[in-house]
Amino acid sequence: MEDEDCPDLVPIGAGGAELADAGPDRKIPVTIITGYLGAGKTTLLNYILTEQHNKRIAVILNEFGEGSALEKSLAISQGGELYEEWLELRNGCLCCSVKDNGVKAIENLMQRRGKFDYILLETTGLADPGAVASMFWVDSELGSDIYLDGIVSVVDAKHGLQHLTEEKPEGLINEASRQVALADLIIINKTDLVSEEELNKVRTSVRSINGLVKILETQRSRVDLSNVLDLHAFDSLSGVSLQKKLEHVKTTHAHLDKAIITVTFEVPGNIKEENLNLFIQNLLWEKNVKDKTGCTMDVIRLKGLVSIQGKSHQVIVQGVHELYDLEETSVAWKEDEKRTNRLVLIGRNLDKEIIKEVFIATVREERGNS
């Protein structure tokens, strides 16, 4: 393709009519697709790139993935530098392949606004999706054009359990477990290759790591895209659905020593924002909250709804590794409603009672003018 401009998309029937609001000022959602090698991530992306689904999606394939020959032909190296060529596909999607974290490709892509409504970014099989997610979450320049919509993790029903339970050297987190811990949606793929009993073990293992995640089960990575897109996992729009979800989350029990688990607790009342910040910073930044054996509690994902003094609406708390954010939701506290704070933490060495005690002690503490 000689010229760098992307050709206009070929209209597919009446597809895209529903996207009349896709004006130049509309922010574009970015979905991160992660999954252990062989789980079916590439199959999922190829399905999205070839199926007639009437959605205009820009897909960024990662060159370090297990990639097919098709993918390899998408990146053209010129004079040692990677030149990303956006290919237009028959079903109205755009596609390019990269050798880095994809930020450059997205900046490049934003020059073609109006040709797509969603961005999917594939990470490598061993990548920590949290590091990738945090780039889009906090990059203010990118953030004016895009927003992080959610993290989707593909798990192999046949080999997933083996990956999730693999013991790593002391101090290291198993990559497959980390991907599950950070996910907002899990796709358990290849369910046709296992018995119901085996599938149940995979479900239980996934749920023990991440008690908050939504699970889809598929064969050959074929999913209804409306379940994968528009997750709103990182913005205040998720306030209403999060409220319902949090009510059903249970603290989980580790299947292995040092495994990742989900803990959840609720504390009634109003809290001061500065005290909440202090609690989160002690936990995520200072890492000075320890379990009974003296091990540091390692929080990978934090989510919650809290009641902040002086705010009439519920506030959503989001955290990935050391990054966190508080944002007021559209859900107002009702006059007669009991105000409460509910947090869900996913990580290692987590002790629900200790975290709850530290939270209560921190948020109840009266601070001076400091």
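Residues numbered from 1 in each chain as written. Predicted model: local features only at pLDDT ≥ 70, side-chain atom pairs only at ≥ 80, totals over all residues. Heavy atoms only, no water.

## Describing the environment of S134
Mapped onto the elements of the fold, S134 is located in helix α4 (residues 129-138). In the structure, S134 is positioned 190 residues away from Y324 in sequence and 9.4 Å away in space, judged by C-alpha atoms. A polar side-chain atom of S134 sits 2.8 Å from the main-chain carbonyl oxygen of A131. (Helix = DSSP H or I, 4+ residues; strand = E, 2+ residues; numbered from the N terminus. Polar contact = N/O pair within 3.5 Å; in protein donor to acceptor, adjacent residues only side chain to side chain.)

## So, the environment of W285
Relative to the elements of secondary structure, W285 occurs in helix α10 (residues 273-286). Among the residues examined, W285 registers a relative accessible area of 45% and is labelled partly exposed. Taking C-alpha positions, W285 is 5.9 Å from E322, a pair spaced 37 residues apart along the chain. Sequence-distant contacts of W285, defined by excluding residues within four places in its chain, comprise I280, E322 and Y324. Separated by 2.6 Å, the side chain of W285 and the backbone oxygen of E322 make a polar contact. (Buried < 20%, exposed > 50% of the residue type's maximum accessible area, 1.4 Å probe, protein only. Contact = heavy atoms within 4.5 Å.)

## Brief notes about the sheet that holds strand β12 (residues 298-306)
Across the sheet, 5 strands lie side by side as β11-β15-β12-β13-β14; this open sheet has antiparallel pairing. The two strands at the open ends of the sheet, each matched to only one other strand, are β11 (261-268) and β14 (323-332). Across this sheet, the average inter-strand angle for adjacent strands is 15 degrees, counted without regard to direction. Pairing geometry for β11 and strand β15 (residues 340-348), over 8 bridges, is antiparallel. In the strand pairing of β15, I261 is matched with G347. Strand contacts of α10: β12, β13 (313-320), β14 and β15, with the helix running at about 140 degrees to β14, the strand carrying the most contacts. (Pairing = 2+ DSSP bridges. Axes fitted to C-alpha atoms, helices over the stretch in contact; angles between N-to-C directions.)

Just distances and angles here, no functional claims.
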